[in-house]
Amino acid sequence: MSNATAAKKMKLAVLTSGGDSAGMNAVVRAVVKTAIIKGCETWIVREGYEGLVRGNDAGHHRSHNIGAEKGANGSRSRTPTPEAVETESFTQTLRYGDGDLLRDGTGDHPSGRSLKGRYIVRVGWDDVRGWFSEGGTLIGTARSMAFRTREGRLTATHNMIKEGIDALVVCGGDGSLTGADVFRAEWPGLVSELLSTGKITQEQARNHAHLKIVGLVGSIDNDMSMTDLTIGAPTALHRICESIDNINSTAYSHSRAFVLEVMGRHCGWLALMAGVSSGADFIFIPESPPDADHWADEMCNMIQSHRDIGKRKTIVIVAEGAIDSKLQPIHADHVKDILSERLGLDTRVTTLGHTQRGGRPCATDRTLPTLQGVEAVEALLESTPDTPSYMIGVRENKITRVPLMEAVKLTREVAQAISERDFEKAMSLRDPEFRETLDGFYATSMLESEPKLHHHLRMRVGIMHVGAPAGGMNAATRAAVRYCLRQGHKPFAINNGFVGLLDDNVFQLSWLGVDNWMTRGGSELGTNRKLPDIDLGAVAAKFQQYNFHAFIMIGGFEAFSSLQILEQGRKFYPAFNIPMAHLPATISNNVPLTEFSLGSDTSLNALVDACDAIKQSASASRNRVFVVETQGGKCGYIATMGALACGACIVYTPERGIDLDMLRNDVKFLKRRNEVSSDVYTTDVITKMFKEEGGSLFDSRSAALGHTLQGGIPSPMDRARAVRLSLKCMSFLEQHHELLLKQQSRSKQAPPESAAIITIQGSSVQWVGVQDMVEHADMKNRRGKQAWWQKYTELVEALVARPQLLAKG
Ligand code: ATP
């Protein structure tokens, strides 16, 4: 059956279940909008499975009376989209601004419409507008005892059939997804029973022979197997890191220790990621429990070693489900007592509790649920009685479908492995990044009394920031420095790029000196855009003078270009015959082949913050179009992903360009454009055109976000990524240094692959030699020849109905 045929028949409901998480609203929005685009009819179910069981009271059935509803919105009414008009006969019950009726806990409404006694509610396009920036779930969630019983599920089946619903999207944790699978398996039996008891007709039974169901994982713990990220986990990590960043200053001021308890019963992802991205001193996670007899000594020794070199603050993070190797729980209060009694530290406990769940979703919790919501609808449209129920996940930066129960089974195996003290297995069931992040935490937090490497393997490592500042540059440098000192290398900071090198602006960095760099935005080393060809011979002389054995550049396209110049310079200058690495860090995310550069996540979050504020102003002043200009050079990454994360109407990118026809067509929409999408149609010109063309319909304003997009404090994702990639860079340098040492000749010849860029491709990290990278680069426009995110431009516009509107003229 084709998508279109299936779509005509599909009547789809979406519910959120279990503990709430940021991003659930984005799921509902994406599911509803995509389903409408595909020609389906859409419902939301309030209060999770409980709403399915309660259904709609008789007498509270949906209104089809469009005429009576029109104008009821008063000043808040909008011109509905064509899709809204088409579905309006079903949707009016909820239409009151952007989901205000749902936000109103009473369910009462000035127009007399009410949600009281109504749990399965027909919704349309406009009902889910503006849901992006809301935390939690606007349609409510609950834990339903009734749904756990067959009787409850029988009632739920009846309620769904009464509405005509035959497909269900469930967003929740492993319990909710198990419930979904049980429901689907039982469905035919439940339908037969309803038929035999005369509750439904033959025709209804025939039309609802099978239930299509799909699950999305809404859980702040990131505890589901077969997906790299669960919806809400990135936002929870943001909340935790914000709290730690705030605690840091008071801890430093009073020279205190803080023990923080974070969520995670069977999964230490939040504790681990928070530990690594906040530069904590010690962490406790369930998957890797410390030795029951020695953990207190180990922790005290580690923290004392930090205090001995002058560290004034101590942060220990304890996952809610932390245990020792004998499965004894480790509680924050106990850790506090040990630190107070044994080390005499003034120690406080902070339990972050439900603050971790709340608040505005971060950029990832807007883009990922949107992409997953779209995929959920696709999966339902393609579903047959023979296909399994799918869980929509994300792996290696790609949206995936996996059999739902397989994922639930694997997830439970982790808890099982922990309970059986098979911690190796528990770790192996997490993705490889989890293990690497844990190793990264130890590498950057442990002070070794003796360097790990033998004398002849130790290096003098030059570290430089090149190009514009980006969030995570300092975190990467901190990790590199700490790793160097642990191994016995000497890390040299080259301040102010190649200009600074020529000016001898070079200093050795210390373990404590970089302690606070995790949370610092900008570039502590100072940076500029000058390339080494300002005077390549002089640069080589400085490499020789400082006797660098290895060199790492953290930066964007300029760093890549610099690496190319240095590699080619090896023919003439022996000093460049050393291993050299480039770690991409740029908010433009324009370094070829790598899917993410450091700083791009921070920048997206800065954009989301700014756009939320702008939208508030836009909706307060009614009918105002905002044209938002982003940075990004000739790369439209920030504009496109930012538009997806903010729910913008149109995105202009340099890759796609702008022409007059486009502008004419777009004149009725809110705009987001990239700074160099066109030399002619600048932000100012577009804004003025919209102002002129808008006449009395709408006004137009512009906002050029400029350097604010470099962000303040780097996002937790950028910090954690910085540590992981920086440590990989250091071991790359070590490996190639060792290979060079093995060369017999006096004049060492570094092979081309020893000058390389570290790239993220999927979930794996790949090294690309600088000359190979050139083949993938559009050097003129300073971006990759291909970009994974470009396909989302159309999605951005589809989700605001632009293509449909344009098609209808
Ligand atoms: P969280 O991760 O926040 O705990 P969760 O989805 O795992 O989320 P649960 O309380 O386990 O939360 O499940 C949510 C709801 O899903 C339950 O209240 C129940 O209605 C339903 N559910 C869970 N397990 C089953 C099951 N085996 N059969 C039927 N329904 C179930």
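Our structure is the block above this text.
Residues numbered from 1 in each chain as written. Predicted model: local features only at pLDDT ≥ 70, side-chain atom pairs only at ≥ 80, totals over all residues. Heavy atoms only, no water.

**Q** Honestly, the sheet that holds strand 2 (residues 41–45) in this entry has me stumped. Any pointers?
**A** Consider a sheet: its strands pair through backbone hydrogen bonds, and that pairing is either parallel or antiparallel. Pairing is mixed across the open sheet formed by seven strands, whose spatial order is 3-2-1-4-5-10-11. Two strands in the sheet have a free side with no partner beyond their single neighbour: strand 3 (120–123) and strand 11 (398–403). Ignoring which end each strand starts from, the neighbouring axes of this sheet average 25° apart. Here helix 9 (residues 174–196) sits on the sheet and contacts strand 4 (167–172), strand 5 (212–217) and strand 10 (390–395); the angle it forms with strand 4, its principal contact strand, is near 160°. (Pairing = 2+ DSSP bridges. Helix = DSSP H or I, 4+ residues; strand = E, 2+ residues; numbered from the N terminus. Axes fitted to C-alpha atoms, helices over the stretch in contact; angles between N-to-C directions. Contact = heavy atoms within 4.5 Å.)

**Q** Please explain the sheet that holds strand 14 (residues 506–508) as it appears in this structure.
**A** The seven strands are arranged 14-13-12-15-16-21-22 in an open sheet whose pairing can be described as mixed. Both edges of this open sheet fall to strand 14 and strand 22 (764–769), since each of them pairs with a single strand only. Averaged over neighbouring strand pairs, the angle between their axes works out to 25° when direction is ignored. Bridging between strand 21 (residues 755–761) and strand 22 involves six bridges; their strand directions are antiparallel. By the bridge assignment, isoleucine 760 is partnered in strand 22 with valine 765.

**Q** What's the story with the nonpolar core in this structure? I'm lost.
**A** With 101 residues, the main nonpolar core has Trp269, Leu270, Ile317, Val461, Tyr637 and Leu733 as its most contacted residues. If one sorts the elements of this core by residue count, helix 27 (residues 716–742) sits on top with ten residues. Once you skip the residues sitting within four places of it in the chain, leucine 733 turns out to touch Met459, Val461, Ala550, Phe551, Ile552, Pro579, Met580 and Ala581. (Core = buried A, V, L, I, M, F, W, Y, C linked by side-chain atoms within 4.5 Å. Buried < 20%, exposed > 50% of the residue type's maximum accessible area, 1.4 Å probe, protein only.)

**Q** For this particular structure, what's the right way to read the site of the ligand?
**A** Around the ligand there are 16 residues in total, and Gly19, Arg143, Ser144, Gly175 and Ser176 lie nearest to it. One nitrogen or oxygen atom from the side chain of arginine 143 is found 2.8 Å from an oxygen atom belonging to the ligand. Note that an oxygen atom of the ligand is positioned 3.0 Å from one of the backbone N or O atoms of glycine 173. Contact with the protein chains hides 85% of the accessible area of the ligand, taken as 620 Å² for the molecule alone. Within the residue set of the shell around the ligand, elements represented by two or more residues are helix 7 (145–148) and helix 9. The element best represented in the shell around the ligand is helix 9, accounting for five residues. Grouping the amino acids of the shell around the ligand by side-chain chemistry returns two nonpolar, nine polar and five charged. (Near = heavy atom within 4 Å. Polar contact = N/O pair within 3.5 Å; in protein donor to acceptor, adjacent residues only side chain to side chain. Areas by Shrake-Rupley, 256 points an atom, 1.4 Å probe, with all protein chains shown as cover. Nonpolar A, V, L, I, M, F, W, Y, C, P; charged D, E, K, R; others polar.)

**Q** Mind showing me how you'd approach helix 2 (residues 24–37) here?
**A** In an α-helix, one full turn covers 3.6 residues, which means residues spaced three or four apart are oriented alike. The end-to-end C-alpha distance of helix 2 is 20 Å, a good match for the 20 Å that 14 residues give at a rise of 1.5 Å each. Of all the 14 residues making up helix 2, 13 are buried; the element is thus mostly covered by neighbouring parts of the structure. Glycine 39 sits one or two positions beyond helix 2 and adopts a positive phi of about 90°. (Expected span 1.5 Å × (residues − 1).)

**Q** Is there a simple way to explain the packing of helix 12 (residues 269–278) against helix 27 in this structure?
**A** Pairs of packed helices are described in terms of their axes, by the angle between the two and the distance that separates them. As a packed pair, helix 12 and helix 27 sit with axes 8 Å apart at the nearest point and diverge in direction by 75°. Here helix 12 is positioned roughly perpendicular relative to helix 27, judged by the angle of their axes. Across the interface between the two elements, Trp269, Met273, Val276, Ser277 and Ser278 from helix 12 touch Pro716, Met717, Arg719, Ala720 and Val723 from helix 27. (Parallel < 35°, antiparallel > 145°, perpendicular 65-115°, else oblique.)

**Q** Can you help me understand the pattern of salt bridges in this one?
**A** Side-chain pairs of opposite charge can arise whenever the charged atoms involved come near each other. A complete count under the given rule lists 36 salt bridges for this structure. The salt bridge partner of aspartate 245 is arginine 719, with a shortest N-O separation of 2.9 Å. In this pair, aspartate 245 sits in helix 11 (residues 233–254) while arginine 719 sits in helix 27, placing the two residues 474 residues apart along the sequence. Using a relative accessible area of 15% as the deciding quantity, one classes aspartate 245 as buried. Overall, arginine 719 belongs to the buried group, its relative accessible area being 2%. The residue aspartate 778 makes a salt bridge to arginine 783 at a minimum N-O spacing of 3.8 Å. By the burial criterion, aspartate 778 is buried, and arginine 783 matches it. Here the residues in one salt-bridge network are Asp281, Lys311, Lys313, Arg478, Arg482 and Asp515, joined through shared partners. (Salt bridge = Lys/Arg side-chain N within 4 Å of Asp/Glu carboxyl O.)

**Q** Would you mind showing me how to read helix 14 (residues 332–343) here?
**A** Over its twelve residues, helix 14 extends 16 Å from the first C-alpha to the last, a length consistent with the 16 Å expected when each residue adds 1.5 Å. Turning to helix 14, its buried residues are Ala332, Val335, Ile338, Leu339 and Leu343. When helix 14 is viewed along its axis, its buried side chains cluster within an angular range of 120° and face the same direction. On its buried side, helix 14 packs onto strand 6 (257–262), strand 7 (282–284), helix 13 (295–308), strand 8 (314–319) and strand 9 (347–351). Positive backbone phi, approximately 65°, marks glycine 344, located one or two places after helix 14. (Arc of directions from axis to C-beta.)

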